[in-house]
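Letter by letter, the chains look like this.
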Amino acid sequence: MIEIKNLSHSYGKFNALNSVSFTIKQGDFIGLIGPNGAGKTTLMNTMVGILAADSGEVLVDGSGVEGFHADVRRKIGYMPSELATYEMFSPEELLKFLAAMYGIDETTTANRMSKLFERLEMTEWKKKSIKKLSTGMKKKTAFAAAVLHHPELLVLDEPFESVDPISQHKMKEILQQYLEQGGAVIMSSHVLDTVQNICNKFILMNKGEIVLERAIGELDGSLEEEFFELVNSLNVAHEEEIAEEEDEAED
């Protein structure tokens, strides 16, 4: 089980996360949604240990993610929105490098890579420089890297963006099998139909806070309708607060 407890992070005076708390259980597929700047990527980067929290903690089976402890890191697979840091590798080199970091033997690594490259239609591109790949192929490389070591939790930042429909379908099949085997997923996305179709829960963030957490099955209508209604009401309330503060300042 993954527990996020009172997680906060600021960039200077800007509060990107404000005391965020929730739990991810085995079999959960959580869609993380919200407007640009809501704090989704900051939350994910803090969850996987890339950013240090100002306060709060992230626990994986009771152990914190701080310090990149190998035994905890093996339990998390992270797919960033882009692979700029690893562009000097080929997909094959990157997966071999990560497998070695996770302590996976060469035979197991070769078998897993072969299956992933075949299913994601990457075999002919596996030795090409990541820098020279299309955006969609880079995304599939990042996805393969995240699932390679069979982690307990997958943290996916916009995984289907720029990926062709056939590859999206195959990625979803891999995720479904992963969930059936006891994994858990949290995925950010701006495509609300995708979240409603493949997730069992969603978390709506706005201005660094969770404003709604609900099971998909509890929706009365579409997620898109729920999203726009709630975000618009929050924005109206925020504008009214600003107006009241300005009136008080004038008085």
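All of these numbers come straight from a predicted model, not from anything done at the bench.

Caption draft 1: Inspection of the sheet that holds strand β9 (residues 201–206) at higher detail. Taken in spatial order, the six strands make up an open sheet running β6-β7-β8-β3-β9-β10, and their pairing is mixed. One side of each edge strand has no neighbouring strand; the edge strands of this open sheet are β6 (76–79) and β10 (209–215). Going across the sheet, the axis of each strand differs from the next one's by a mean of 15 degrees, ignoring polarity. Pairing geometry for β9 and β10, over six bridges, is antiparallel. Looking at β10, one finds that Phe202 is bridged to Arg214.

Caption draft 2: Summary view of the confidence of the model for the protein. Mean pLDDT over the protein works out to 87, with 88% of the residues at or above the 70 mark. Counted against residues more than four places away or in other chains, residues 236–250, with its pLDDT under 50, gives one contact.

Caption draft 3: Looking closely at the packing of helix α3 (residues 91–101) against helix α4 (residues 106–119). Close contact between α3 and α4 brings their axes to 11 Å; oriented N to C, the two are set at 140 degrees. Judged by the angle between their axes, α3 and α4 are oblique. Taken as a pair, α3 and α4 cross one another with a handedness that is right-handed. Residue-level inspection shows Pro91, Glu92, Leu95, Lys96 and Ala99 of α3 in contact with α4, the latter providing Thr109, Met113 and Phe117. Considered class by class, the residues forming the contact of α3 with α4 number five nonpolar, one polar and two charged.

Reading the values: rules and limits
Residues numbered from 1 in each chain as written. Predicted model: local features only at pLDDT ≥ 70, side-chain atom pairs only at ≥ 80, totals over all residues. Heavy atoms only, no water. Pairing = 2+ DSSP bridges. Helix = DSSP H or I, 4+ residues; strand = E, 2+ residues; numbered from the N terminus. Axes fitted to C-alpha atoms, helices over the stretch in contact; angles between N-to-C directions. pLDDT = per-residue confidence, 0-100. Contact = heavy atoms within 4.5 Å. Parallel < 35°, antiparallel > 145°, perpendicular 65-115°, else oblique. Left-handed = near helix turned anticlockwise from the far one by under 90°. Nonpolar A, V, L, I, M, F, W, Y, C, P; charged D, E, K, R; others polar.

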